[in-house]
Amino acid sequence: MVPEIKKDAEEKMKKTISVYREDLQSIRAGRANPSLLDKITVDYYGQATPLNQVAGISAPEPRLLAITPWDASLIPAIEKAILKSELGITPSNDGKIVRLLIPHLTEERRKELTKIVRKNGENAKVAIRNIRRDSIDEVKKLEKSKEISEDDRKDGEEQIQKLTDKYIEELDKITKSKEDELMEI
């Protein structure tokens, strides 16, 4: 009983970490990364379609993204979608390729992004703590229904707490590494 609860909690915590990592990829750190455009959708024949499904995205230079649409008539829609996004980058095109020059981040913008990273990290920690709370509640219910002993409950709570500590530590490392990347000039 307790091992299943622990395994379920661990899977949920891993999922929380992977979602947090995905969120961090959309925060730009002054260098070109195709994942910056993951959340951008383009109007493709009346359908909102992810940009990476209608164009090839590459980073030929450290501060340049090149978007090569498979249909050249999409260039205006791609530019419009990028301008509407929160990237704060103005696209340019040559009729075949849309280019995004990633500007250097100002010190003020770096600090803003660092605050966003910390906030997202705290939200992920709260999610992990909620998973811990739910799992411990399940273990306590097992004890109340006399399915496990008090010692088993305490042991189960201890294991879940160790798991929580492990994943919160991992979150802290991920957050610190992203902050360092943002503050790097």
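Above this text you will find the structure in question.
What counts, and where the lines are drawn
Residues numbered from 1 in each chain as written. Predicted model: local features only at pLDDT ≥ 70, side-chain atom pairs only at ≥ 80, totals over all residues. Heavy atoms only, no water. Core = buried A, V, L, I, M, F, W, Y, C linked by side-chain atoms within 4.5 Å. Buried < 20%, exposed > 50% of the residue type's maximum accessible area, 1.4 Å probe, protein only. Helix = DSSP H or I, 4+ residues; strand = E, 2+ residues; numbered from the N terminus. Contact = heavy atoms within 4.5 Å.

(A) Main features of the nonpolar core. Judged by nonpolar contacts, the single largest core of 20 residues is most densely connected at Leu37, Leu51, Ile67 and Ile78. Of all elements in the fold, only β4 (64-69), α2 (75-84) and β6 (98-101) reach the threshold of two or more residues within this core. Broken down by element, the residue count for this core peaks at four residues, all from α2. The contacts of Ile67, once residues within four sequence positions are left out, are Leu37, Leu51, Ala55, Gly56, Ile57, Ile78, Ile82, Lys96, Ile97, Val98 and Leu100. Core analysis: the next-biggest nonpolar cluster, separate from the first, contains 18 residues, Ile128, Ile131, Leu171 and Ile174 among them.

(B) Focus on unusual backbone geometry. Within the chain, Tyr45 stands out as a residue other than glycine whose phi angle is a positive 55 degrees. The class of Tyr45 is exposed, set by a relative accessible area of 69%. Look at Lys146: it is not a glycine, yet its phi comes out positive at around 60 degrees. Along the chain, the position of Lys146 falls in the loop between α3 (107-144) and α4 (150-183).

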